[in-house]
Amino acid sequence: MEKSDLNFLERINELVAINNERFKTYSRAMEKTQSPAFRSLCEQNKERTVYFNMQLIQCLVSYDQMPVNMETGLGKTYRFGILRRKKFLLQFRRVNRSACQWYDKVALMAYTRLLEDIQHLPGEISRIIRHQLMLLETDQKYSSIAL
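Quick caveat: nothing in here was measured; it's all calculated off a predicted structure.

Definitions and cut-offs
Residues numbered from 1 in each chain as written. Predicted model: local features only at pLDDT ≥ 70, side-chain atom pairs only at ≥ 80, totals over all residues. Heavy atoms only, no water. Helix = DSSP H or I, 4+ residues; strand = E, 2+ residues; numbered from the N terminus. Buried < 20%, exposed > 50% of the residue type's maximum accessible area, 1.4 Å probe, protein only. Contact = heavy atoms within 4.5 Å. Salt bridge = Lys/Arg side-chain N within 4 Å of Asp/Glu carboxyl O. Polar contact = N/O pair within 3.5 Å; in protein donor to acceptor, adjacent residues only side chain to side chain. Phe/Tyr/Trp six-rings, centres within 6.5 Å; stacked < 30°, edge-to-face > 60°. Core = buried A, V, L, I, M, F, W, Y, C linked by side-chain atoms within 4.5 Å.

### Brief notes about the overall build of the protein chain
- The helix and strand tally for the protein chain stands at six helices and zero strands.
- For the protein chain, the N- to C-terminal ordering of α and β elements is α-α-α-α-α-α.
- For the protein chain, the residues scored as buried account for 46% of the 147 residues in total.
- Summarising the internal contacts of the protein chain: among those between residues at least 6 apart in sequence, 75% fall at separations of at least 24.

### Some words on the pattern of salt bridges
- Applying the stated rule across the entire model yields seven salt bridges.
- With its nearest N and O atoms 2.9 Å apart, the salt bridge here joins R22 to D104. In this pair, R22 sits in helix α1 (residues 3–32) while D104 sits in helix α5 (residues 97–117), placing the two residues 82 residues apart along the sequence. Of the two residues, R22 and D104, both sit in the buried class.
- Several salt bridges share partner residues, and in doing so they unite R11, E14 and D117 into one network.

### Structural notes on the side chain of R11
- Summarising the element assignment, R11 is placed in helix α1.
- Within the local environment of R11, its side chain forms a polar contact with the backbone oxygen of R113, the two atoms lying 3.5 Å apart.

### Focus: the environment of M134
- Mapped onto the secondary structure, M134 falls in helix α6 (residues 123–146).
- The spatial distance from the C-alpha of M134 to the C-alpha of Y111 is 9.8 Å, given a sequence separation of 23 residues.

### Comments concerning the packing of aromatic side chains
- Counted under the stated rule, the structure contains four aromatic pairs.
- Pairing Y51 with F52 gives two aromatic rings, centres 6.5 Å apart and planes at 50°, and the pair type is tilted.
- With centroids separated by 5.0 Å and ring planes inclined at 80°, the aromatic side chains of W102 and Y103 adopt a geometry described as edge-to-face. Each member of the pair, W102 together with Y103, is buried.
- An aromatic cluster of three or more residues is present, and its members are Y51, F52 and Y111.

### Considerations on the nonpolar core
- In terms of nonpolar packing, the biggest core is built from 27 residues, with I12, Y111 and I129 touching the most fellow members.
- Of all elements in the fold, only α1, α2 (36–62), α5 and α6 reach the threshold of two or more residues within this core.
- Looking at which element gives the most residues to this core, the answer is α5, with nine residues.
- Leave out the neighbours within four places in its chain, and Y111 touches L15, N19, F52, L56, I129, Q132, L133 and L136.
- The next biggest cluster of nonpolar side chains, apart from the first, holds seven residues, and it includes Y26, F38, L41 and C100.

And the structure:
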C-alpha cells in the first residue's frame, strides 16, 4: 500500500472518530434538553452520524483497514487538538447546543481539509466525502435557522 493511501486512510479514520464524538455529544445533549425542537434535531444528527460512519467504515474495509480504537487512535491522528479541548468544552459548555455546534464545525473543517489536502482520492471515496460534506453544510445552515 502506498504512502498516499495510508494518509487518506488515516484521515478517514479521523472522520470516523469525529463522527463518534459528535454522536456522543448529540446523545448527551438530547438527554438533557427540554426543547422538543432541539431533541428532534439531536435525533436527526445522531442518525445521520451513524449513516456517515457506516459509509466511511465501508471505505476503510474496502482497503482492508479497520477503524482505529477510538480511545487511542483519535489522539494519534486527530489534528485539531480535540482531546485537549474536549475537557474544557464539556466542563464549561455542559454539552448543550454550543457543544453540538462546535463539533459540527470541527467536522466541517475536517471534511474540507481532507478534500483540500488529498488531491487524488479514489472516485467513490471522494463522492462519499463530498456528499457528506454537503449534508453537513446544509444541516448546519438549516439547524441554525430553525433554532
